Amino acid sequence: MMMMLRMAACVFVVILQLTTMTVNHHVTCIPTVVAMTNALPGESLHVNCHSKDDDLGWHIVSYNSSYIITFEDNFWGTTVFACEFNAGTQYHTTSIIVFQGYAYWGTMPCYAKCTWSVSPLGFFDNGVFKTSWAR
């Protein structure tokens with residue numbers, strides 16, 4: 001029954017998308033993948049990601065490994081995931097937005113797959129430098 005409701009919602013969204021000529025919207029039934037790779041040699045990366053509704057808790061990511069979250073943007077395209085990152089005593093941040101839904105499209109370069117790399121220089125989203133570590 002739940003699967004039927006989910007499929008009906010997806011069909012409704014597709015029809016809505018096809019009948020409205022709104023630019024930059026995507027079908028919200030496509031799951032989003034956000035991968036955060038630890039590129040800090042010799043350091044374990046501690047990551048805590050959260051949205052308005054979900055706190056995913058702290059996770060430890062070893063060097064050259066990734067922490068991956070998968071979710072679906074909400075119907076309105078307003079899902080936001082932010083993460084805090086810590087590593088050793090010299091690397092720490094406040095929240096960094098790692099995903100914004102299609103309602104914010106244009107401010108984030110990805111919507112279906114976001115690939116973050118966390119290095120001594122800072123944070124890179126799909127290879128593009130975004131910000132450095134807080135000092």
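Residues numbered from 1 in each chain as written. Predicted model: local features only at pLDDT ≥ 70, side-chain atom pairs only at ≥ 80, totals over all residues. Heavy atoms only, no water.

A. Highlighting the overall build of the protein chain. Check the secondary structure of the protein chain and you find 1 helix and 10 strands. Listing every helix and strand of the protein chain by position from the N terminus yields α-β-β-β-β-β-β-β-β-β-β. Looking at the 135 residues of the protein chain, the share that counts as buried comes to 34%. Sequence-distant contacts, at least 24 apart, represent 53% of the contacts inside the protein chain between residues at least 6 apart. Looking at the protein chain as shown, the accessible area adds up to about 7900 Å², and 63% of this sits on carbon and sulfur atoms. (Helix = DSSP H or I, 4+ residues; strand = E, 2+ residues; numbered from the N terminus. Buried < 20%, exposed > 50% of the residue type's maximum accessible area, 1.4 Å probe, protein only. Contact = heavy atoms within 4.5 Å. Areas by Shrake-Rupley, 256 points an atom, 1.4 Å probe, with all protein chains shown as cover.)

B. Structural view of the packing of aromatic side chains. Applying the stated criterion to the full structure yields 7 aromatic pairs. With a centroid separation of 5.0 Å and 75° between ring planes, the pair formed by Phe71 and Phe99 is classed as edge-to-face. Residue Phe71 is located in strand β4 (residues 66-71), and its partner Phe99 is located in strand β7 (residues 96-100); the two are separated by 28 residues in the primary sequence. Among the residues examined, Phe71 registers a relative accessible area of 11% and is labelled buried. Ring centres 5.0 Å apart and planes at 50° place the aromatic pair Phe85 and Phe123 in the tilted group. Of the two residues, Phe85 is situated in strand β5 (residues 80-87) and Phe123 in strand β9 (residues 122-125); the sequence distance between them amounts to 38 residues. (Phe/Tyr/Trp six-rings, centres within 6.5 Å; stacked < 30°, edge-to-face > 60°.)

C. Representation of the environment of Thr78. Locating Thr78 in the fold gives a position in the loop between β4 and β5. The exposure class assigned to Thr78 is partly exposed, which follows from its relative accessible area of 34%. Separated by 23 residues in the primary sequence, Thr78 and Gly101 have C-alpha atoms spaced 4.9 Å apart.

D. The arrangement of the layout of surface pockets in detail. Here the largest pocket defines a volume of roughly 240 Å³. What lines the largest pocket is simply Ser51, Lys52, Asp53, Asp54, Leu56, Phe71, Glu72, Asn74, Thr78, Thr79, Val80 and Phe81. Considering only residue class, the lining of the largest pocket consists of 4 nonpolar, 4 polar and 4 charged. (1 Å grid on protein atoms, 1.4 Å probe; cavity = no way out; pocket = protein on both sides within 12 Å on 5 of 7 lines; lining within 4 Å. Points joined across faces, edges and corners; volume = space filled by probe spheres on them. Nonpolar A, V, L, I, M, F, W, Y, C, P; charged D, E, K, R; others polar.)

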